[in-house]
Amino acid sequence: MNDPAAIAKISADSGSTVSFDRDLHCFQVQSLKPDSVFQATEMLKARLSECEKLVVVVRLDASDLWLLPKIIGKGGETVKELQEESGCKFDISKEELLVAISGESEDAVSTAKASLDKIIEQARKECVFVNIPDSAMSAFIGKGGTNIRQLAEDHDVDIKRLQKEPSCIRIQGDEASVEGAHVAVIAWLNNWEASHVGKTVELEEAFIPAILGKQGSTVSTIQRATRCKIDIYCRGLTLTVRGGDELNCNEALNKVNEIIDEEKKKILERGAEILENKKKKNVLNESTEAPDSDSNGHSQPEFASCPVGLTIGESKVIKPNNTKNQFASRPVGLTIGESK
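Remember, predicted model here, so these are calculated numbers, not experimental data. (Residues numbered from 1 in each chain as written. Predicted model: local features only at pLDDT ≥ 70, side-chain atom pairs only at ≥ 80, totals over all residues. Heavy atoms only, no water.)

1. As for the sheet that holds strand S4 (residues 89-93)
At step 1: In spatial order, the strands read S3-S5-S4; together these three strands make up an open sheet with antiparallel pairing. Taken across any chain shown, the strands that pair with only one partner, and hence form the sheet edges, are strand S3 (55-59) and S4. Taking each pair of neighbouring strands and ignoring which way they run, the sheet shows an average axis angle of 15°.
At step 2: Relative to strand S5 (residues 98-102), S3 runs antiparallel, the two sharing five bridges. Residue pairing for S5: Arg59 is matched across the bridge by Leu98. (Pairing = 2+ DSSP bridges. Helix = DSSP H or I, 4+ residues; strand = E, 2+ residues; numbered from the N terminus. Axes fitted to C-alpha atoms, helices over the stretch in contact; angles between N-to-C directions.)

Next up, the structure:
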């Protein structure tokens, strides 16, 4: 989009000054003629539409951060290979979790996108994540990690519990081995859940920190009070209550709902406060910008509505009022018609 030659052509054709502001990430169009500004704006929109066809952006979820190293490859080998094969440019942003593909033609960009999708699809087959409830994790791992090590050896894969997500495990290896290990883990999990029936509800991600509390203090308090086990699945955004009788499970869910209701109330209050502050700011700005008023409350213009000697919209000079008799007809010390 920001091609100097293309921008110069738009500027020349429209008769406007067109420049790109890198700080604001926008184009500035300047001209004394409104028609020129309009023409340049339309030409920029048309170019933007053309450029959008030559750029594809792939956005990843926060949970898919692990895919970026797969796309980049060791020493950048994979992304370099993608660029050489497609003739397109790949821009990867780890902060924004996106991959931008740009090329000279729609076909080239489409081919590059297909190659990227293939890499991502294969990566997902060789690396699988499975949620294991906190209350089942000890049994799954086994004493001293014996169970999880045996499962990994049986299927020739690497199985690890994620440090940032303690309720999730990662199975990694070749496609066939990962598939076999995944089936075995799901079978074990189904058997465990059959003997540990619970009640599951969906959650909004924004409420999970409040339910957990600082270092898990809030959810631990609920578990002790109700004698139930609460498992929160952050990836799937679900909460499951297990153990105890039905009355205890309902009590635990009620306490969770109370926390959610309180958080919703806080969100509404914060929103109302922000709105009120915005209104006050607008009123303050209006009061400081308002012109002075006369004794009757009418606004006084800063300048005369019509400049002296000119008529708005016309170029005629307004003739002054008749100045006859405004001065003495005979200046002092002189006599008209005499030179004495």
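2. Quick word on helix H6 (residues 134-141)
At step 1: Restricting attention to buried positions, one finds in H6 the residues Ala136, Met137, Phe140 and Ile141. Viewed end-on, H6 has its buried residues packed into an arc of 130°, placing them on one side of the element.
At step 2: Here the buried face of H6 lies against helix H7 (146-155), strand S7 (158-161), strand S8 (168-172) and helix H8 (175-194).
At step 3: Looking one or two residues past H6, Gly142 carries a phi angle of roughly 85°, positive in sign. (Buried < 20%, exposed > 50% of the residue type's maximum accessible area, 1.4 Å probe, protein only. Arc of directions from axis to C-beta. Contact = heavy atoms within 4.5 Å.)

3. A short note on the confidence of the model for the protein chain
At step 1: This prediction gives the protein chain a mean pLDDT of 83; 84% of its residues lie at or above 70.
At step 2: This stretch, residues 301-320, has a pLDDT under 50; its non-local contacts, to residues over four places away or in other chains, come to 10 contacts. (pLDDT = per-residue confidence, 0-100.)

4. Some details on the nonpolar core
At step 1: Cys88, Phe90, Val99, Ile101 and Leu116 are the most contacted members of the largest nonpolar core, which totals 20 residues.
At step 2: Looking at this core, the elements that each hand over two or more residues are helix H3 (67-72), helix H4 (77-86), S5 and helix H5 (106-126).
At step 3: Dropping the residues within four chain positions of it, Val99 is found in contact with Val56, Val57, Val58, Leu68, Ile71, Phe90, Asp91, Ile92 and Leu116.
At step 4: The next biggest cluster of nonpolar side chains, apart from the first, holds 19 residues, and it includes Ala136, Ile141, Ile148 and Leu189. (Core = buried A, V, L, I, M, F, W, Y, C linked by side-chain atoms within 4.5 Å.)

5. Concerning the packing of H4 against H5
When two helices pack together, their arrangement is given by the angle between the helix axes and by the axis-to-axis distance.
At step 1: Viewed as axis vectors pointing N to C, H4 and H5 meet at an angle of 150°, and their least axial separation amounts to 9 Å. As summarised for this structure, H4 and H5 are arranged roughly antiparallel, according to the angle between their axes. Both H4 and H5 take part in a crossing whose hand is right-handed. Note on element contacts: H5 touches H4 through Ala108, Ala112, Ser115, Leu116 and Ile119, opposite Thr78, Leu82 and Ser86.
At step 2: Of the residues assigned to the contact of H4 with H5, the class counts are five nonpolar, three polar and no charged. (Parallel < 35°, antiparallel > 145°, perpendicular 65-115°, else oblique. Left-handed = near helix turned anticlockwise from the far one by under 90°. Nonpolar A, V, L, I, M, F, W, Y, C, P; charged D, E, K, R; others polar.)

6. What about the sheet that holds S8?
At step 1: One open sheet holds the three strands; their spatial order is S6-S8-S7, and the pairing between them is antiparallel. With partners counted over all chains shown, the strands left at the sheet margins are strand S6 (127-131) and S7, one partner each. Adjacent strand axes in the sheet meet at a mean angle of 20°, parallel and antiparallel pairs treated alike.
At step 2: Judged from the four bridges that link them, S7 and S8 form a sheet pairing that is antiparallel. Along S8, the bridge assignment pairs Ile159 with Ile171.

7. Some thoughts on the side chain of Arg242
At step 1: Note on placement: Arg242 falls in strand S11 (residues 238-242).
At step 2: Discounting chain neighbours no more than four positions away, the residues touching Arg242 are Pro133, Ser135, Trp192, Glu193, His196, Val197, Gly198, Cys228, Lys229 and Asp231.

8. Remarks on the pattern of salt bridges
At step 1: This model, assessed by the stated rule, comprises 12 salt bridges.
At step 2: Across the pair Lys113 and Asp117 runs a salt bridge whose closest N-O atoms are separated by 2.8 Å. Within this pair, Lys113 and its partner Asp117 are both found in helix H5, separated by four residues, close to a single helical turn.
At step 3: The class for Asp117 is partly exposed, based on a relative accessible area of 32%.
At step 4: Between Arg242 and Asp231 there is a salt bridge, with its nearest N and O atoms 2.7 Å apart. (Salt bridge = Lys/Arg side-chain N within 4 Å of Asp/Glu carboxyl O.)

9. Comments concerning a negative patch on the surface
At step 1: Taken together, the side chains of Glu258, Asp261, Glu262, Glu269 and Glu273 present a region of like negative charge at the surface.
At step 2: When you line up the elements, Glu269 lands in helix H11 (residues 246-289).
At step 3: Here Glu269 falls in the partly exposed class, since its relative accessible area comes to 46%. (Patch = residues over 30% accessible without salt bridge, like charges linked within 9 Å, V, L, I, M, F, W, Y side chains within 5 Å. Areas by Shrake-Rupley, 256 points an atom, 1.4 Å probe, with all protein chains shown as cover. Lys, Arg positive; Asp, Glu negative; His and termini not counted. Charge placed at Lys NZ, Arg CZ, Asp CG, Glu CD.)

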